[in-house]
Amino acid sequence: MTDVAPLRRPAGLHRLTGGRGDLLAEFFGTFLLIALGDGCVAMAVAGLPGSGRTAGATTIFQGTGDWLLIVWGWAFAVAFAVYVAAGGVSGAHLNPAVTLAMAVRRRFPWRKVPGYCGAQLAGAFTGAALVYAVYRPAISAFDAAAGTPKSETTFSIFATVPAPYFASWFGPLLDQVVGTAVLLVVVLALIDARNKAVSPKMGPLLIGFTVAAIGLSFGANAGYAINPARDFGPRLFAFFAGWGDTAMAPYLWVPIVGPLVGAVVGALLYDFFIGDVLHARQVAEEKFVG
């Protein structure tokens, strides 16, 4: 049978008009990003050690396997969030730093920036709540075994913390600027029609691989948030869920400011080294043809 049944007409189409559809897509995409991303961290931190499915007890990150689980989990989380939720609607920013860079360098309307960032933050908060609801027994069991309720270890499921070898905020801030700049350079290269464009179906997967590369290269320094909503949304949820001062530590500004600065730096670098060259060649070719 080759006939395909017609799609059901969506109810409440008025909610999808104008910018509402963009905000819904940004919310749902970021929700999915955090649900899968924080979910893989919860798996490494509390799920696998407490499940009896591995030889580990209550210690994590003792080998490369735990880190690879997290790196590739986040890579697929990014790729699938773009595929499923927002790629064809809002542009799949899913990150206030990306939204800011697009406004600064790609004529994305500034009037849309607050709405996008608010939707991303709300999606990240809700995604963290889902992870907590699913993994609450594992988190409680882990903290009970460690004798530390709402520990910093289980907090790391939701938001990032710097490595102990940093003596000040400068190192983690630089790390976030560099990581986000790399992300934007590659993202802009992938979406630039003047460059050798990749298939639209391959773009999200390659962006996910970029996040994996950043995690493998710089991730241990500060948890490679490279996304203010990804860090602050779950951090805010963790505060309300009982992690208190651990969640609202003075460090919280670093994974917000660093990615915002890094995204703009990355966009400027891409345009200086690649984008402007492509534009100049395009103009020259048009003049020659003309």
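About the thresholds
- Residues numbered from 1 in each chain as written.
- Predicted model: local features only at pLDDT ≥ 70, side-chain atom pairs only at ≥ 80, totals over all residues.
- Heavy atoms only, no water.
- Helix = DSSP H or I, 4+ residues; strand = E, 2+ residues; numbered from the N terminus.
- Areas by Shrake-Rupley, 256 points an atom, 1.4 Å probe, with all protein chains shown as cover.
- Axes fitted to C-alpha atoms, helices over the stretch in contact; angles between N-to-C directions.
- Parallel < 35°, antiparallel > 145°, perpendicular 65-115°, else oblique.
- Left-handed = near helix turned anticlockwise from the far one by under 90°.
- Contact = heavy atoms within 4.5 Å.
- Nonpolar A, V, L, I, M, F, W, Y, C, P; charged D, E, K, R; others polar.
- Salt bridge = Lys/Arg side-chain N within 4 Å of Asp/Glu carboxyl O.
- Buried < 20%, exposed > 50% of the residue type's maximum accessible area, 1.4 Å probe, protein only.
- Lys, Arg positive; Asp, Glu negative; His and termini not counted.
- Polar contact = N/O pair within 3.5 Å; in protein donor to acceptor, adjacent residues only side chain to side chain.
- 1 Å grid on protein atoms, 1.4 Å probe; cavity = no way out; pocket = protein on both sides within 12 Å on 5 of 7 lines; lining within 4 Å.
- Points joined across faces, edges and corners; volume = space filled by probe spheres on them.
- Expected span 1.5 Å × (residues − 1).
- Bend = angle between axes of the 7 residues up to and from the residue.

Colleague: So, the overall build of the protein chain: which residues are in play, and what are the values?
Modeller: Along the protein chain, the regular secondary structure elements total 9 helices and 0 strands. Mapped from its N terminus to its C terminus, the protein chain presents α and β elements in the order α-α-α-α-α-α-α-α-α. Only carbon and sulfur atoms are counted for the fraction: they give 67% of the accessible area of the protein chain, which is about 14800 Å².

Colleague: Can you tell me about the packing of helix α3 (residues 96-105) against helix α9 (residues 254-289), naming the residues and giving the values?
Modeller: In contact at an axis separation of 8 Å, α3 and α9 are set at 45° when each is read in the N-to-C sense. Classified by the angle their axes make, α3 and α9 are oblique. In terms of crossing hand, the pair formed by α3 and α9 is right-handed. Between α3 and α9, the contacting residues are Pro96, Ala97, Val98, Leu100, Ala101, Val104 and Arg105 on the first element and Pro259, Leu260, Ala263, Val264, Ala267, Leu268 and Asp271 on the second. For the contact of α3 with α9, the class distribution of residues is 12 nonpolar, no polar and 2 charged.

Colleague: An account of the pattern of salt bridges is needed here, citing residue identities and associated values.
Modeller: On inspection of all chains with the given rule, the structure shows 6 salt bridges. Between Asp192 and Arg194 there is a salt bridge whose closest N-O contact spans 2.9 Å. Looking at Asp192, the relative accessible area reads 9%, which means it is buried. Of the residues examined, Arg194 reaches a relative accessible area of 31% and is grouped as partly exposed. Taking the shortest distance from any N to any O, the salt bridge between Arg235 and Asp231 comes out at 2.9 Å. One end of the pair is Arg235 and the other is Asp231, both in helix α8 (residues 228-247) and 4 residues apart, which spans about a single turn. Of the two residues examined, Arg235 and Asp231, each falls in the buried class. A single salt-bridge network, built from bridges that share partners, covers Arg105, Arg106 and Asp271.

Colleague: Quick one: what's the story with the side chain of Asp175, residue by residue and with numbers?
Modeller: Looking at where Asp175 falls in the secondary structure, it is placed in helix α6 (residues 170-191). Nearest to the buried, unbridged Asp175 among oppositely charged side chains is Arg230, at 11 Å. There is a polar contact of 3.1 Å between the side chain of Asp175 and the side chain of Gln176. In contact with Asp175, not counting residues within four places along its chain, are Phe218, Asn221 and Ala222.

Colleague: Which residues make up the layout of surface pockets, and what values go with them?
Modeller: Roughly 730 Å³ of internal volume is contained in the largest pocket. Val82, Gly91, Ala92, Pro204 and Ile207 are, among the 33 residues lining the largest pocket, the residues nearest its centre. Taken together, the residues of the lining of the largest pocket sort by class into 22 nonpolar, 9 polar and 2 charged.

Colleague: Give a detailed account of the packing of α6 against α9, specifying residues and quantitative values.
Modeller: Viewed as axis vectors pointing N to C, α6 and α9 meet at an angle of 40°, and their least axial separation amounts to 6 Å. The orientation of α6 with respect to α9, classified from their angle, is oblique. Judged by the twist between their axes, the crossing of α6 over α9 is right-handed. Across the contact of α6 with α9, the residue classes tally to 18 nonpolar, 5 polar and no charged.

Colleague: Explain the environment of Leu100 to me, using residue names and the numbers behind them.
Modeller: With respect to the helices, strands and loops of the structure, Leu100 is situated in helix α3. Between the C-alpha atoms of Leu100 and Pro114, which are 14 residues apart in sequence, the distance is 9.7 Å. For Leu100, the contacting residues outside a window of four places in its chain are Trp110, Leu260 and Val264.

Colleague: Before we move on, can you summarise the environment of Gly208 with the specific residues and values?
Modeller: Checked against the element boundaries, Gly208 lands in helix α7 (residues 203-222). Spatially, the C-alpha atom of Gly208 lies 9.1 Å from that of Val82, the residues being 126 residues apart in sequence.

Colleague: Which residues make up α8, and what values do they have?
Modeller: Between its first and last C-alpha, α8 extends only 14 Å over 20 residues, short of the 28 Å set by a 1.5 Å rise per residue. The axis of α8 is deflected most strongly, by about 115°, at Ala241. Where α8 begins, the capping side chain belongs to Asn227, and its oxygen is found 3.0 Å from the backbone nitrogen of Ala229.

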